[in-house]
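Examination of the molecular architecture
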Amino acid sequence: MKKVLFVCLGNICRSPSAEAIFRAEVLNAGLEEKIGTDSAGTGAWHIGNPPDGRAQQAALSRGIDMSDLRARQAEKADFDRFDYIVAMDRSNYENLKRMSSRESRAKLVMMLDFSNETEEEVPDPYYGDMSDYNYVFDLLQPAAKALLDHMCKNDLNG
Ligand code: 4NP
């Protein structure tokens, strides 16, 4: 099984949203036996918490239920457990890079690497309002599709 870990700062807004969107795409493609998903935060503040209510609201308005997800902190061992570790922004990427080693199994990438976005980062919506959360979803939905497409072509052929 190929495993994908989505990572942001708090693991209550962007990365659980990315996980839930990607999980829905995986299910829709009937690939749930081949691709596993998880998410984590580089920070420890929200460990054990469900996704932010605003993120859940944005998700539900698009038919996605992520109420089952709980925050955890990213750790060094994730680099041996996952095939892809997907950072939401540059700061997440740099923090994760410091946790990796040369022998790491995981490929560290940015969420928007795979879609044709002019944006490079998924901006932190935590201090914003619903429009910021909806914008995060507008970025994540095509990016999740593009990542799945990439994996179908590069990781699932055989
Ligand atoms: P996230 O958003 O990284 O997308 O989950 C944040 C959530 C909480 C905090 C920062 C960002 N915080 O500082 O508590």
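Residues numbered from 1 in each chain as written. Predicted model: local features only at pLDDT ≥ 70, side-chain atom pairs only at ≥ 80, totals over all residues. Heavy atoms only, no water.

Our next topic: the packing of helix 1 (residues 14-28) against helix 5 (residues 130-154). Remark: helix 1 packs on helix 5, axes separated minimally by 9 Å, with the N-to-C direction vectors making an angle of 50°. Between helix 1 and helix 5, the angle falls in the class oblique. Read as a crossing pair, helix 1 and helix 5 show a hand that is right-handed. On helix 5, the residues that touch R14, S17, A18, I21, F22, E25 and V26 of helix 1 are V136, F137, L140, Q141, A144, K145, L147, L148 and M151. Residue classes in the contact of helix 1 with helix 5 are distributed as 11 nonpolar, 2 polar and 3 charged. (Axes fitted to C-alpha atoms, helices over the stretch in contact; angles between N-to-C directions. Helix = DSSP H or I, 4+ residues; strand = E, 2+ residues; numbered from the N terminus. Parallel < 35°, antiparallel > 145°, perpendicular 65-115°, else oblique. Left-handed = near helix turned anticlockwise from the far one by under 90°. Contact = heavy atoms within 4.5 Å. Nonpolar A, V, L, I, M, F, W, Y, C, P; charged D, E, K, R; others polar.)

Turning to the sheet that holds strand 1 (residues 2-8), a few remarks are in order. The strand order across the open sheet built from 4 strands is 2-1-3-4, with neighbouring strands paired in parallel fashion. Each end of this open sheet is capped by a strand with a single partner; those strands are strand 2 (35-41) and strand 4 (107-110). Across the sheet, the axes of successive neighbouring strands diverge by a mean angle of 25°, strand direction being ignored. Strand direction decides the pairing type here: strand 1 and strand 2, joined by 7 bridges, are parallel. Residue C8 lies in a different strand from strand 2, and its bridge partner there is G41. Along the sheet, helix 4 (residues 90-99) makes contact with strand 1, strand 3 (84-87) and strand 4, crossing strand 4 at roughly 165°. (Pairing = 2+ DSSP bridges.)

If you walk through the whole model with that rule in mind, you get 2 aromatic pairs. Aromatic side chains Y126 and Y127 sit 4.9 Å apart centroid to centroid with 80° between the ring planes, which places their arrangement in the edge-to-face category. Note on Y127: relative accessible area 76%, which makes it exposed. Directly above the ring of F82 sits K3, whose terminal nitrogen or CZ lies 5.0 Å from the centroid. The aromatic ring of Y93 is capped on one face by R90, whose charged end is 5.3 Å from the ring centroid. (Phe/Tyr/Trp six-rings, centres within 6.5 Å; stacked < 30°, edge-to-face > 60°. Buried < 20%, exposed > 50% of the residue type's maximum accessible area, 1.4 Å probe, protein only. Lys NZ or Arg CZ within 6 Å of the ring centre and 35° of its normal.)

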